[in-house]
Amino acid sequence: MKRSGVIWSWFWMILGILYFFLPLVATFLFSLRAKLGVLSFLAYTQLFHDSNFIKDFSFSVLWGLLTIIVGIVIFVPTAFWVRLKVPQVRTAVEFVTLLPFVIPAIVFVFGLVRTFSHPPFLIVNSPALLIAGYIVLSMPYMYRSIDTGLRSIDVRTLTEAGQSLGAGWGTILFRIILPNIRVAILSGAFLSFAIVMGEYILAQYLAKPAFAPFLAYLIQEKAYEPAAATIISFALTWACMGIIQLVGRGGPQAQLAGGH
Amino acid sequence: MTTANVVKRDAPSARPAPSKFSWAWVGVVPFFLFAFMFLVYPSSTIAVGSFENATTHAFTFQNIVHLLQDPNLVNSYWISIKISLVTALGGGIFGFLLAYSSIRGGLPPFMRSSLMTFCGVASNFAGIPLAFAFIALLSPSGVLTGWLRAIGYNPYFHGFQLYTFWGLSIVYTYFQFPLMVLVIAPAIDGLRREWLEASENLGASSFQYWRFVALPILLPSLMGTMILLFGNSFGAFATAFALTGGQINLVTIVIGDQLRGDVLGDAGLGYALALGMVVVMAIAISLYTVLQRRSERWLR
């Protein structure tokens, strides 16, 4: 590589670093300005004393955990069974798991609300619909993570070994397969968690308490608390991605349309 | 043909025919049931509603016709497409330059891994918090605006507006270029060093190397990834909504309004509007898949 090339490389990298960090630095500085004339953590203190923040944030955490658990219960047996017994439906399953990329989140919610807000399926007010929606939005990431995990182990041999030792399907799934792909499941889980924590559209239009709608409301009402909340949200994204890299030692994953 | 052969061939049919029907597929029923109920069926109601009179439920093309005749709605598609093109191209080129610099630019190796980590975070950092981060940076009372004012340059005196098309493009680029970096990196890895050395040995200039070797190989990946970026911003809603307070005329924003209350005064029109988005996305994702498959030829 010629010398001028290296200089250009540094130029683009520095530009990228600035693009990445400037909005965060600005938000952080903004969050310290709550007390006139001095820098302080007042905005954070006020935020943590806001009972709505605590409530909505906790609900988002709860939605995230439920999404992960129910998602694992649906996707792990499916991916396992497809690999072991019915490889001919693989294409169909993969097609379905990629559908959320084709259907923008706002269109998906539009369909959900229109479908489930009148009989015979009047469940628009149930948290179950919200969780189902979150599972759909995180499905491309969750399913792909699990499937990648299964590809890296010898599913057939492990299953047959389990069977010849007298294990039932439950034991095989939860005590043999699941522990063997826990790294893949974890990375899918943390990505799903990050998606749920940042997701605005579903919670907003299904009228459920969640962090992102709270933040949107805060931006309308206050000046400095939303900055503090944004920093917290960013730290959370960073933590989720960091854990994925730590446990997975794999490449980082990107989120598509869903949360934007 | 000997008798022994005939006997051998006939032998299996003497046993009872193995049952063709297998119960194994029952194992995937829960998944398909879930997907049908919460994804396929709700989405299909959009397609059905688009070709249905909202009151009589009779089949009609009226909704599509009305959509195409409404200048405001056509314009919302146009603005959404324009912002997606601009940010796919801008974010795509910037992302490619970043990825190439970090992989083949002669930088220390840790730059690559840090870049990938940053990009993993940044492409997931979107929606409401992202909008606020740029409000803190570039709004009239934002931090960068303050710094620029201090050195005597107020961007707001020079036609800059955060809450308009170009402002939103800058914000979208924040989640566009990291996605480009992550998706294009394997393609850049696939560019063998030998190809550069070979073309240099044959006396090619760096322009000729790019024009005749690197670019033709990378082109399917570059275009495919940029189409992916196009879809990424075409479906975006929360960022634009939080930044402009719903004041910008994007398709997603109009659908959001329609969902809150029938602002178009025509339920069928709302369905058609949503269906149009799915059509655009389906075209984009199909193109991406085709191009990705083409690029894999070189990148083994």
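Residues numbered from 1 in each chain as written. Chains lettered and ligands numbered in written order. Predicted model: local features only at pLDDT ≥ 70, side-chain atom pairs only at ≥ 80, totals over all residues.

1. Description of the overall build of chain A
Line of reasoning, step 1. Looking only at helices and strands, one finds twelve helices and zero strands in chain A.
Line of reasoning, step 2. Starting at the N terminus, the α and β elements of chain A follow one another as α-α-α-α-α-α-α-α-α-α-α-α.
Line of reasoning, step 3. Along the three orthogonal principal directions, the C-alpha set of chain A runs to about 75 × 65 × 35 Å.
Line of reasoning, step 4. The burial tally for chain A puts 50% of its 260 residues in the buried class.
Line of reasoning, step 5. Put simply, of all contacts in chain A between residues at least 6 apart along the chain, 76% involve residues at least 24 apart. (Helix = DSSP H or I, 4+ residues; strand = E, 2+ residues; numbered from the N terminus. Buried ≥ 20, exposed ≤ 12 C-beta atoms within 10 Å, placed from the backbone. Contact = placed C-beta atoms within 7 Å.)

2. Some details on the overall build of chain B
Line of reasoning, step 1. Secondary structure summary: chain B contains 13 helices and zero strands in total.
Line of reasoning, step 2. Mapped in sequence order, the helices and strands of chain B form the string α-α-α-α-α-α-α-α-α-α-α-α-α.
Line of reasoning, step 3. For 300 residues, the compact-globule formula gives about 19 Å, and the C-alpha radius of gyration of chain B, at 27 Å, lies well above that figure.
Line of reasoning, step 4. Projecting the C-alpha coordinates of chain B onto the three principal axes gives extents of approximately 105 × 75 × 30 Å.
Line of reasoning, step 5. When each of the 300 residues of chain B is scored for burial, the buried share is 44%.
Line of reasoning, step 6. In chain B, 75% of the contacts between residues at least 6 apart in sequence involve partners at least 24 apart. (Rg over C-alpha atoms; globule rule 2.2 N^0.38 Å.)

3. Here's the deal with the nonpolar core
Line of reasoning, step 1. In terms of nonpolar packing, the biggest core is built from 170 residues, with Val107, Val109 and Ile146 of chain A together with Phe134, Val181 and Ala274 of chain B touching the most fellow members.
Line of reasoning, step 2. Other than its neighbours up to four places away in sequence, Phe134 of chain B contacts Pro23 of chain A together with Leu162, Val171 and Leu243 of chain B. (Core = buried A, V, L, I, M, F, W, Y, C linked by C-beta atoms within 7 Å.)

4. Quick word on the confidence of the model for chain A
Line of reasoning, step 1. Scored by pLDDT, chain A comes out at a mean of 89, with 94% of its residues at no less than 70.
Line of reasoning, step 2. Per-element mean pLDDT across chain A ranges from 87 in helix 12 (residues 225–248) of chain A up to 94 in helix 3 (residues 51–84) of chain A. (pLDDT = per-residue confidence, 0-100.)

5. Notes on the interface of chain B and chain A
Line of reasoning, step 1. On the chain A side, the residues contacting the 68 residues of chain B number 71 residues.
Line of reasoning, step 2. Per-element accounting of the side of chain B that touches chain A gives the leading share, eleven residues, to helix 2 (residues 29–50) of chain B.

6. A few points about unusual backbone geometry
Line of reasoning, step 1. In the Ramachandran plot, Ala207 of chain A falls in the positive-phi region, its phi being about 55 degrees despite a non-glycine side chain.
Line of reasoning, step 2. Its place among the elements puts Ala207 of chain A in the loop between helix 10 (201–205) and helix 11 (211–221).
Line of reasoning, step 3. Its identity is not glycine, yet His57 of chain B carries a phi of approximately 60 degrees, on the positive side.

7. Concerning the packing of helix 10 (residues 206–234) of chain B against helix 13 (residues 267–296) of chain B
Residue and element names in this part refer to chain B.
Line of reasoning, step 1. Where helix 10 contacts helix 13, the axes come no closer than 8 Å and their chain directions differ by 155 degrees. Considering the angle they form, helix 10 stands roughly antiparallel to helix 13. For helix 10 against helix 13, the interelement crossing comes out left-handed. Facing helix 10, whose interface residues are Pro220, Ser221, Met223, Gly224, Ile227, Leu228, Phe230, Gly231 and Phe234, helix 13 presents Val280, Met281, Ala284, Ile285, Leu287, Tyr288, Leu291, Gln292, Arg294 and Ser295.
Line of reasoning, step 2. Considered class by class, the residues forming the contact of helix 10 with helix 13 number 13 nonpolar, five polar and one charged. (Axes fitted to C-alpha atoms, helices over the stretch in contact; angles between N-to-C directions. Parallel < 35°, antiparallel > 145°, perpendicular 65-115°, else oblique. Left-handed = near helix turned anticlockwise from the far one by under 90°. Nonpolar A, V, L, I, M, F, W, Y, C, P; charged D, E, K, R; others polar.)

8. As for helix 3 of chain A
Line of reasoning, step 1. The end-to-end C-alpha distance of helix 3 of chain A is 49 Å, a good match for the 50 Å that 34 residues give at a rise of 1.5 Å each.
Line of reasoning, step 2. The largest bend in helix 3 of chain A is about 30 degrees, located at Ile72 of chain A. (Expected span 1.5 Å × (residues − 1). Bend = angle between axes of the 7 residues up to and from the residue.)

9. Let's talk about helix 4 (residues 90–102) of chain A
Line of reasoning, step 1. Compared with an ideal rise of 1.5 Å per residue, which puts 13 residues at 18 Å, helix 4 of chain A spans 19 Å between its outermost C-alpha atoms and is within 8% of the ideal.
Line of reasoning, step 2. The sharpest bend along helix 4 of chain A reaches about 25 degrees and sits at Val96 of chain A, with the proline Pro100 of chain A one to four residues further on.
Line of reasoning, step 3. If you follow the buried residues of helix 4 of chain A, they end up packed against helix 3, helix 5 (105–116) and helix 6 (127–151) of chain A together with helix 2 and helix 13 of chain B.

10. A word on the packing of helix 4 (residues 71–104) of chain B against helix 10 of chain B
Residues and elements named next belong to chain B.
Line of reasoning, step 1. Packing of helix 4 against helix 10 brings their axes to within 8 Å, and their N-to-C directions diverge by 135 degrees. Classified by the angle between their axes, helix 4 and helix 10 sit oblique to one another. Judged by the sense of rotation from one axis to the other, the crossing of helix 4 with helix 10 is right-handed. The segment helix 4 lies against helix 10, with Ser80, Ile83, Ser84, Leu85, Thr87, Ala88, Leu89, Gly91, Gly92 and Phe96 engaging Leu222, Thr225, Met226, Leu229, Phe230, Ser233 and Phe234.
Line of reasoning, step 2. For the contact of helix 4 with helix 10, the class distribution of residues is ten nonpolar, seven polar and no charged.

11. Observations concerning the confidence of the model for chain B
Residue and element names in this part refer to chain B.
Line of reasoning, step 1. This prediction gives chain B a mean pLDDT of 87; 92% of its residues lie at or above 70.
Line of reasoning, step 2. Here helix 1 (residues 3–14) stands out as the least confident element of chain B, with mean pLDDT 50; helix 4 is the most confident, with 95.
Line of reasoning, step 3. Residue range residues 1–8 is modelled with pLDDT below 50. Its contacts to residues more than four positions away, or to other chains, number one contact.
Line of reasoning, step 4. For this predicted complex, the interface score ipTM comes out at 0.88, alongside a pTM of 0.87.

12. Quick notes on the environment of Asn53 of chain B
Residues and elements named next belong to chain B.
Line of reasoning, step 1. Locating Asn53 in the fold gives a position in the loop between helix 2 and helix 3 (62–69).
Line of reasoning, step 2. Overall, Asn53 belongs to the partly exposed group, with 14 C-beta atoms counted inside 10 Å.
Line of reasoning, step 3. Between the C-alpha atoms of Asn53 and Phe160, which are 107 residues apart in sequence, the distance is 44 Å.
Line of reasoning, step 4. Sequence-distant contacts of Asn53, defined by excluding residues within four places in its chain, comprise Ala58, Thr60, Gln62 and Gly268.

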